[in-house]
Amino acid sequence: MPTHRSTVIDEAVDTLRKGGLVAFPTETVYGLGADATNPHAIQKIFSAKGRPASHPLIVHLAAPDKYDQIQIDWTALVSPWVRDLSEDALKLINAFWPGPLTLVFKKDKSVLDELTGGQDTVAIRAPSHPLAQELLRKFKGGVVAPSANRFGKVSPTSAADVRSEFEGILNLMVLDGGDCEVGIESTIIDLSSGDRAVLLRPGLITPSEIFTKTGMKIYQPTDMNENKEAASLPRVSGSLHAHYAPNTPLRMYSPGRVLDALSEFPDIKSRVAVAVWDSDSSLSHEGHPSAHFEEVIIPSDCTLFASRLYRSLRDLDQQGWDLILFPEPPAGEKWDGVRDRLQRACLGSGPSSINHVSS
Ligand code: TXA
Ligand code: MG
């Protein structure tokens, strides 16, 4: 197997060097990779995804061969991409890389505009998935990689998901690294103001975890209440309201209020999939017309829920339900990542989702 694996990776490296696209696993979701220094390759990503050119991409970097949190020197790896590497940035990098944390910096002038959507900032992360690391180390350069899904759709967490996204659109090389462990995209922190660190996208790594490990306070975009600062925040495509969306209508219900979630759908009489926490015995106490509902058990542990969220949305989307209902995640910061993805998935869901997304 190892020989086979290294041959496959060599082929992937070769494809990237020639300006082609390679899909690869990361610990969060699968990425659609291209050489970050090749404008034509980057262009291919935007057309394959159907993503507007103004939406910037994340540069993925390799960690040194044998990384050790104390000895590793990330400065040499990150410096070519950024204008200035602050103490705070190094604190975050040392605490969380390689791992599901993306940092936004003021970019070095050599970084392509095609990659940053014309902005003067660049987003960087070092993924921890061993296959991603092997690919990046052998490639010896930055690889831009958005999630390997069509624009606005559910992110892929397996190689098969990636293949089904691009079937008939693109003959794509897909490295198979199994199911993604984290299951939702990386946490994004903006450091580009040089002043405050701002959370742009919630994920597995939370502001409290960052505070505990580094002593750094992470601000919410809503804390930036002076209009000028808010207006200068970079664009994040995940910050569109509708995103990560299945074709089947998806809604959330609050505890004990399944029927309320149906008020929008007076015509739906059957084929409703209702996700229920594994900690709840059953929906029967909710008094729903059980003949029309089918329960799908979902994990009430937050980390497990995240790791299975996109898998469940994709699978349910294939099963021909008229409506999918998910329980509202509980309050609390550790649920922010999945709550954010579920809310956007609801808004973008349904057959006309593409219209919502592109508006
Ligand atoms: O977990 C992840 O981050 C995955 C895996 C594949 O690494 N990648 C991912 O990429 O989620 P994508 O393109 O689907 O989402 C990247 C997000 C977008 O919302 C984009 O707007 C934001 O990062 N982003 C990229 N560059 C940025 C920048 N310079 N300033 C602000 N946001 C940026
Ligand atoms: Mg994405």
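Residues numbered from 1 in each chain as written. Chains lettered and ligands numbered in written order. Predicted model: local features only at pLDDT ≥ 70, side-chain atom pairs only at ≥ 80, totals over all residues. Heavy atoms only, no water.

Trainee: Can you lay out unusual backbone geometry for me, pointing to particular residues and giving the numbers?
Mentor: Geometrically, the link from tryptophan 97 to proline 98 is a cis peptide bond, its omega value of -10° lying close to zero. For proline 98, the position within the fold is in the loop between α4 (87–96) and β4 (101–106). The phi torsion at tyrosine 244 lies on the positive side, around 55°, for a residue other than glycine. When you line up the elements, tyrosine 244 lands in the loop between α9 (227–231) and β11 (250–253). Take tyrosine 244: its relative accessible area is 3%, and that puts it in the buried class. (Helix = DSSP H or I, 4+ residues; strand = E, 2+ residues; numbered from the N terminus. Buried < 20%, exposed > 50% of the residue type's maximum accessible area, 1.4 Å probe, protein only.)

Trainee: Which residues make up the side chain of histidine 129, and what values do they have?
Mentor: Within the fold, histidine 129 resides in the loop between β5 (121–125) and α6 (130–139). Given the relative accessible area of 14%, histidine 129 is considered buried. The contacts of histidine 129, once residues within four sequence positions are left out, are Pro25, Thr26, Glu27 and Gly177. (Contact = heavy atoms within 4.5 Å.)

Trainee: Describe the pattern of salt bridges, naming the residues involved and giving the relevant values.
Mentor: Close approach of charged atoms allows side chains with opposite charge to pair. Counted according to the given criterion, the structure contains 17 salt bridges. Note that aspartate 260 and arginine 257 form a salt bridge whose closest N and O atoms lie 2.5 Å from each other. The partner of aspartate 340 in a salt bridge is arginine 344, and the shortest N-O contact between them spans 2.4 Å. Note that aspartate 340 and arginine 344 are positioned in helix α11 (residues 336–348) at a spacing of four residues, about one turn of the helix. Here the salt bridges do not stand alone but share partners, grouping Asp161, Glu165, Arg311, Arg314 and Asp315 into one network. (Salt bridge = Lys/Arg side-chain N within 4 Å of Asp/Glu carboxyl O.)

Trainee: Give a description of the sheet that holds β11 that names residues and reports values.
Mentor: With parallel pairing, four strands are arranged side by side in an open sheet as β11-β14-β12-β13. Edge strands, defined here as strands with exactly one partner in the open sheet, are β11 and β13 (293–298). Each strand of the sheet is rotated relative to its neighbour by a mean of 25°, with strand direction disregarded. Helix α10 (residues 302–318) contacts β11, β12 (272–277), β13 and β14 (323–327) of the sheet and is inclined by roughly 165° relative to β14. Contacts from α11 reach β11 and β14 within the one sheet, and its direction differs from that of β11 by about 130°. (Pairing = 2+ DSSP bridges. Axes fitted to C-alpha atoms, helices over the stretch in contact; angles between N-to-C directions.)

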